[in-house]
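Residues per chain are reported as follows:
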Amino acid sequence: MVGEKDPVLILDGLRPLYGEGVYPGRSDKRTRPEWMESPFHVLIATVLSQRTRDENTREACDSLFTVLPTIESLSLADAELIEPLIRKAGFPVQKAKAIKRIATIVLEEHAGILPADMDLLLSMPMVGRKTANCVLAYAFNVPAICVDTHVHRISNLLGLVRSDDPDGTEMQLREVVPDHLWKDINALMVRHGQVVCLPRRPRCRECPVRRHCDHGSTTDR
Ligand code: SF4
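Residues numbered from 1 in each chain as written. Predicted model: local features only at pLDDT ≥ 70, side-chain atom pairs only at ≥ 80, totals over all residues. Heavy atoms only, no water.

Draft legend 1. Region of the structure containing the packing of helix α9 (residues 149–158) against helix α11 (residues 182–195). Running from amino to carboxyl end, α9 crosses α11 at an angle of 85 degrees, the nearest separation of the two axes being 9 Å. Relative to α11, the element α9 lies roughly perpendicular. Contacts from H150, V151, R153, I154, S155 and L158 of α9 reach α11 at I185, N186, M189, V190, H192, G193 and Q194. Each residue belonging to the contact of α9 with α11 can be placed in one class, and the counts come to 6 nonpolar, 6 polar and 1 charged. (Axes fitted to C-alpha atoms, helices over the stretch in contact; angles between N-to-C directions. Helix = DSSP H or I, 4+ residues; strand = E, 2+ residues; numbered from the N terminus. Parallel < 35°, antiparallel > 145°, perpendicular 65-115°, else oblique. Contact = heavy atoms within 4.5 Å. Nonpolar A, V, L, I, M, F, W, Y, C, P; charged D, E, K, R; others polar.)

Right, here's the structure in full:
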C-alpha cells in the first residue's frame, strides 16, 4: 500500500545487485567516458538517449563528441553535419536541430555554462522534466528524481506510488523518499527494469525486494 513502504529498505535491497551505475549508457561495460565530467555534454547525451537503447546512445555520443567536441563547434555546425553522426540514436533530424539550438542557447544566453536550474533547462528544445532531472542529478549532483519508463512502472508495481503518469510519479516519490536518495532511484530502478523487473514479464522469483512489492505478493512467477 502507498505510504506504508520503506523506500530506504527497497533501495538498499537493490543496491548490491546494481551498484552505482553510470548515466547514460550505464549498461555498457566500457569505462565512464570523459564527457560525463561536463554538464553540457551530459545534457546532449540525455537528449540523444530519448527513445533509444543505452548502447545506441553511447555510440552516438562517441561519434558526435569525437568530431564536434565543444559547445562552440556544435553551435556552428550545420544540423546536416550532426545528423549522420547521431543517426544510431534515432530521430536524427529532430535531435540534430535540438542539439545545435541548445549549444547556441548555452553560448549566447548563459556565457557557455549550462545552468543548474530546472526552469532554464525546461526552456530548451527536447528537454522535459525527465531529461532536466537526469541532468540535475547526474551532471550537477543535486537531489532530483529522473522518472523514465522503468522508474514509473516499478514504483507503481512496488506500491511506492499510485500514478498514471511519470510527472505524478515524480511528485509522489519526492514525498516519500528522503532527498539524499533521489538520485539512486533512477540509477537502481532502471537497471532493475533491464535485468529483473522486465516490462512484459517481471522475474519476481529472482527479485531481492519482492517482500516489499505489492505486485510481487500477487504472483507466483
Ligand atoms: S517483485 Fe516483481 S514486480 Fe515487484 S519489483 Fe520485483 S520483479 Fe518487479
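Draft legend 2. Structural context of the state of the cysteines. Taken as a whole, this structure holds 1 disulfide when the rule is applied. In this model, C134 is linked to C146 through a disulfide, with the two sulfur atoms separated by 1.9 Å. Here the residue C134 occupies a position in helix α8 (residues 129–138), and C146 occupies one in the loop between α8 and α9, the gap between them amounting to 12 residues. A single burial state applies to C134 and to C146, both of which are buried. With no disulfide of its own, C61 lies closest to C134 among cysteine sulfurs, the gap being 13 Å. (Disulfide = S-S within 2.5 Å. Buried < 20%, exposed > 50% of the residue type's maximum accessible area, 1.4 Å probe, protein only.)

Draft legend 3. Summary view of the packing of aromatic side chains. Applying the stated criterion across every chain, the model contains 1 aromatic pair. A centroid spacing of 5.6 Å and a plane angle of 65 degrees characterise the contact between W35 and F65, whose relative ring orientation is edge-to-face. With W35 in the loop between α1 (7–18) and α2 (39–48) and F65 in helix α3 (residues 54–67), this pair connects stretches of sequence that are 30 residues apart. The pair W35 / F65 is uniform in exposure class, with both members buried. Across from the ring centre of F91, 4.1 Å away, lies the NZ or CZ of R51, which sits over that ring. (Phe/Tyr/Trp six-rings, centres within 6.5 Å; stacked < 30°, edge-to-face > 60°. Lys NZ or Arg CZ within 6 Å of the ring centre and 35° of its normal.)

Draft legend 4. Main features of the site of the ligand. Close contacts around the ligand come from L157, L158, H192, C197, P202, C204, C207, R210, C213, H215 and G216, and that covers them all. Grouping the constituent residues of the shell around the ligand by class yields 7 nonpolar, 3 polar and 1 charged. (Near = heavy atom within 4 Å.)

Draft legend 5. Structural detail: the nonpolar core. In this structure, L43, L48, L64 and I102 are the most contacted members of the largest nonpolar core, which totals 44 residues. Elements with a contribution of two residues or more to this core: α2, α3, α4 (71–76), α5 (79–86), α6 (92–109), α7 (118–122) and α8. When near neighbours in sequence (up to four residues on either side) are disregarded, I102 contacts F40, L43, I44, V47, M124, P125 and V127. Y18, L173, L181 and V209 belong to the second largest nonpolar core, which has 24 residues in total. (Core = buried A, V, L, I, M, F, W, Y, C linked by side-chain atoms within 4.5 Å.)

Draft legend 6. Up close: the pattern of salt bridges. Within this structure, the stated rule accounts for 8 salt bridges. Taken together, the salt bridges that share partners define one network made up of K5, R162 and D214. (Salt bridge = Lys/Arg side-chain N within 4 Å of Asp/Glu carboxyl O.)

Draft legend 7. Spotlight on unusual backbone geometry. Residues other than glycine seldom take positive phi values, yet M126 does so here, at roughly 60 degrees. For M126, the position within the fold is in the loop between α7 and α8. M126 gets classed as buried once you look at its relative accessible area, which sits at 19%. In this structure, N141 is a non-glycine residue whose phi angle is positive, near 55 degrees. Of note, N141 is situated in the loop between α8 and α9. With relative accessibility at 57%, the residue N141 sits in the exposed group.

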